[in-house]
Amino acid sequence: MKTRTFVASSAREGLARIRAELGDDAVVLSTRPHPQGVEILAGAYGELAAPGTSEAPDAAGSRILSELARLRGLLQNQLAGFAWSASRRRDPARVAILQALYAAGFGGALARTLAARLPRGSEGEPAQRWLRQVLIRNLPVLPAGHDPVARGGAFALVGTTGAGKTTTLAKLAARGVEVHGAGAVALVAADAWRVGAETQLRIYADLLGVGCFVARDADALARLLPTLSAHRLILIDTAGFAPADPRAQAMQQLDALGVRRVQVVAAGQQGAAIEQALARFGQGAMACILSKLDEAPQPGAALDALIRHRLPLAYVTSGQRVPEDLHRPNAVYLVDRALKGGQLATPYALASEDWALVAGVEAERDAADAIVAHRHAG
Ligand SMILES: Nc1nc2c(ncn2[C@@H]2O[C@H](COP(=O)(O)OP(=O)(O)O)[C@@H](O)[C@H]2O)c(=O)[nH]1
Ligand SMILES: [Mg+2]
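Attention here is on the structure that accompanies the text. The structure displayed is predicted, hence computed values, not measured ones. Within each chain, residue numbers correspond to sequence positions counted from 1 in written order. Just so you know, chain letters begin at A and ligand numbers begin at 1, following the order they were written in. Thresholds applied to this predicted model are a pLDDT of at least 70 for local features of residues and 80 or more for the giving and counting of side-chain atom pairs; totals over whole chains, interfaces and linings are not thresholded and use all residues.

**Notes on the site of ligand 1**
Part 1 of the reasoning: To decide nearness, the C-beta atom of each residue is placed from the backbone, and the residue is near a molecule or strand if that atom lies within 6 Å of it. Residues in close proximity to ligand 1 total 18 residues, the closest being Gly164, Lys165, Thr166, Thr167 and Thr317.
Part 2 of the reasoning: Put simply, Ala, Val, Leu, Ile, Met, Phe, Trp, Tyr, Cys and Pro go in the nonpolar bin, Asp, Glu, Lys and Arg in the charged bin, and everything else, Gly too, in the polar bin. Among the residues making up the shell around ligand 1, the classes are represented as 1 nonpolar, 12 polar and 5 charged.

Structural data, given as structure tokens:
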């Protein structure tokens, strides 16, 4: 590894120059006092990570490598710390926006994008009002009259296991009966995997007085659908899969049959789980139904996903009762619910001393202190 010596008036300035000249992943090898301030020996990490020799590193070599990796992490932490404390001083309103969004379960990607767009000079209460308005405007909601029940057609409810597909389908069917009459609604059980799935659907069909059909696979569904053309609303219950299950890809076969997919997403899930489910089932879906809102103290992650994926919300469900607990989405209500979720006092809430960690730092300690301390310890 080529090393270079930097002389600077302070460690902070030196680190900034190292970063500018050697890149974000530069490693600091040593520091010592200098008549002009501090002298720092540093190298570019990339050269280290791609050694020109295929020899296995000996014990001393690997010790140096791990020490360098530790120093690299320390440097990154310190630089992130500077950025965090500097931006908090420079732009407290922007940081408050980030905090409000993180606390409510929104992800970093959307939080950073929104915080960067906060109009200059707006802070405090007006900044929070701006945030609320932006979220409301950007939450995609399917216009009334475009929802599956009003529009009619063949719709498959897709999503992970237990998301609420079958229950939601029964609620939609009940609405369909109200709008179009029982003779115009058909239910199709395409969930051939779960024991009792078909029975569950048949019970709802009998209660509503609508037809119930079974299609074991895509071919059977292709044969069945033309026979149902007299029905205004065809609701297809599919098997729930874990997003990683290869069978989840069979969802795309529905598109070829002219069936529109509506993804059911349980509102209380972790952001990562929602993201994975949307990637598997949601691509090409016409809309989303947010289920189990009653069990979601922090629906922020779910709203985040809908906003980023521009997946319009057709309905929300807020309980197990069929058909009562199905509602048209109200963006104002949902955004207020989500932001309020950020104020809940739980062991998962971030306390003020945690915020620096979010930025990837330990604290606002001076970089030189930390680096010198590590050198003495090592
Ligand atoms: N609390 C609550 N429970 C729901 C809601 N929707 C469905 N459930 C329950 O969640 C469980 C799984 O629902 P189900 O429709 O079978 O999910 P599926 O596997 O996706 O078909 C059942 O116990 C439902 O009663 C909802 O909006 N709120
Ligand atoms: Mg089901």
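**Section: the pairing of strand β7 (residues 233-238)**
Part 1 of the reasoning: Residues with at least 20 other C-beta atoms within 10 Å of their own are called buried, those with 12 or fewer are called exposed, and the rest are partly exposed. The C-beta atoms themselves are positioned from the backbone. A run of H or I in DSSP counts as a helix once it spans at least four residues, and a run of E counts as a strand once it spans at least two, with each numbered from the N terminus. The element β7 is extensively covered by neighbouring structure, given that 6 of its 6 residues are classed as buried.
Part 2 of the reasoning: Going residue by residue along β7, you find Leu233, Leu235 and Asp237 tucked away on one face and Ile234, Ile236 and Thr238 tucked away on the opposite face as well.
Part 3 of the reasoning: Following DSSP output, two strands are said to pair if at least two bridges run between them. Sheet topology places strand β4 (residues 153-158) next to β7; 5 bridges connect them, and they run parallel. Note that in β7 the partner of Gly153 across the bridge is Leu233.
Part 4 of the reasoning: Bridge count for strand β5 (residues 185-190) against β7 is 6 bridges, and the pairing is parallel. Across the sheet, residue Val185 finds its bridge partner in β7, namely Leu233.

**Regarding helix α9 (residues 197-208)**
The periodicity of an α-helix, 3.6 residues per turn, causes residues three or four places apart in sequence to face the same way.
Part 1 of the reasoning: In this analysis, the expected span of each helix is defined as 1.5 Å times one less than the number of residues it contains. The end-to-end C-alpha distance of α9 is 17 Å, a good match for the 16 Å that 12 residues give at a rise of 1.5 Å each.
Part 2 of the reasoning: Each residue gets a C-beta atom placed from its backbone, and two residues are in contact if those atoms lie within 7 Å. On its buried face, α9 is in contact with α8 (165-180), β5, β6 (211-214) and β7.

**Thoughts on the sheet that holds strand β1 (residues 3-8)**
Part 1 of the reasoning: In space, the 3 strands of this open sheet follow the order β1-β3-β2, with antiparallel pairing throughout. Strands at the two margins of the open sheet, each flanked by one partner only, are β1 and β2 (27-34). Neighbour-to-neighbour, the strand axes of the sheet open up by a mean angle of 20°, direction not taken into account.
Part 2 of the reasoning: Two strands pair when backbone bridges link them, and β1 and strand β3 (residues 37-43) are joined in this way by 6 bridges, in the antiparallel orientation. Residue Val7 lies in a different strand from β3, and its bridge partner there is Glu39. Working convention: axes come from line fits to C-alpha atoms, limited for helices to the stretch in contact. Angles between N-to-C directions cover 0 to 180 degrees.

**A short note on the nonpolar core**
Part 1 of the reasoning: Throughout this description, the term nonpolar core refers to a group of buried Ala, Val, Leu, Ile, Met, Phe, Trp, Tyr and Cys residues whose C-beta atoms join them within 7 Å. Membership of the largest hydrophobic core comes to 81 residues, with the highest contact counts inside it found for Ala173, Val265 and Cys288.
Part 2 of the reasoning: Ranked by residue count, the leading element in this core is β5, at 6 residues.
Part 3 of the reasoning: All domain edges in this entry derive from an automatic or database-based domain assignment. Each of domain 1 (3-133 + 354-377) and domain 2 (148-341) gives at least three residues to this core.
Part 4 of the reasoning: With near-sequence residues (within four places) excluded, Cys288 lies in contact with Gln263, Val265, Gly282, Leu306, Leu311, Pro312, Leu313 and Ala314.

**A short note on the packing of helix α4 (residues 92-103) against helix α5 (residues 108-117)**
Part 1 of the reasoning: In the contact formed by α4 and α5, the axes pass within 9 Å of each other and the chain directions differ by 150°. Classified by the interaxial angle, the pair formed by α4 and α5 is roughly antiparallel. For the element pair α4 and α5, the recorded crossing hand is right-handed. Residues Arg94, Ile97, Leu98, Leu101 and Tyr102 of α4 pack against Ala111, Leu114 and Ala115 of α5.
Part 2 of the reasoning: Here the contact of α4 with α5 is composed, by residue class, of 7 nonpolar, no polar and 1 charged. Should an angle fall under 35 degrees it is taken as roughly parallel, and over 145 as roughly antiparallel, whereas 65 to 115 is taken as roughly perpendicular and any remaining angle as oblique. Crossing handedness is defined as follows: a turn of the near helix away from the far one that is anticlockwise and smaller than a right angle gives a left-handed crossing, while the clockwise case is right-handed.

**Structural notes on the sheet that holds strand β10 (residues 313-317)**
Part 1 of the reasoning: If you walk across this open sheet you meet the 8 strands as β6-β5-β7-β4-β8-β9-β10-β11, and the pairing is mixed. A strand with exactly one partner marks an edge of an open sheet, and here the two such strands are β6 and β11 (326-327).

Shape descriptors only; they carry no functional weight alone.
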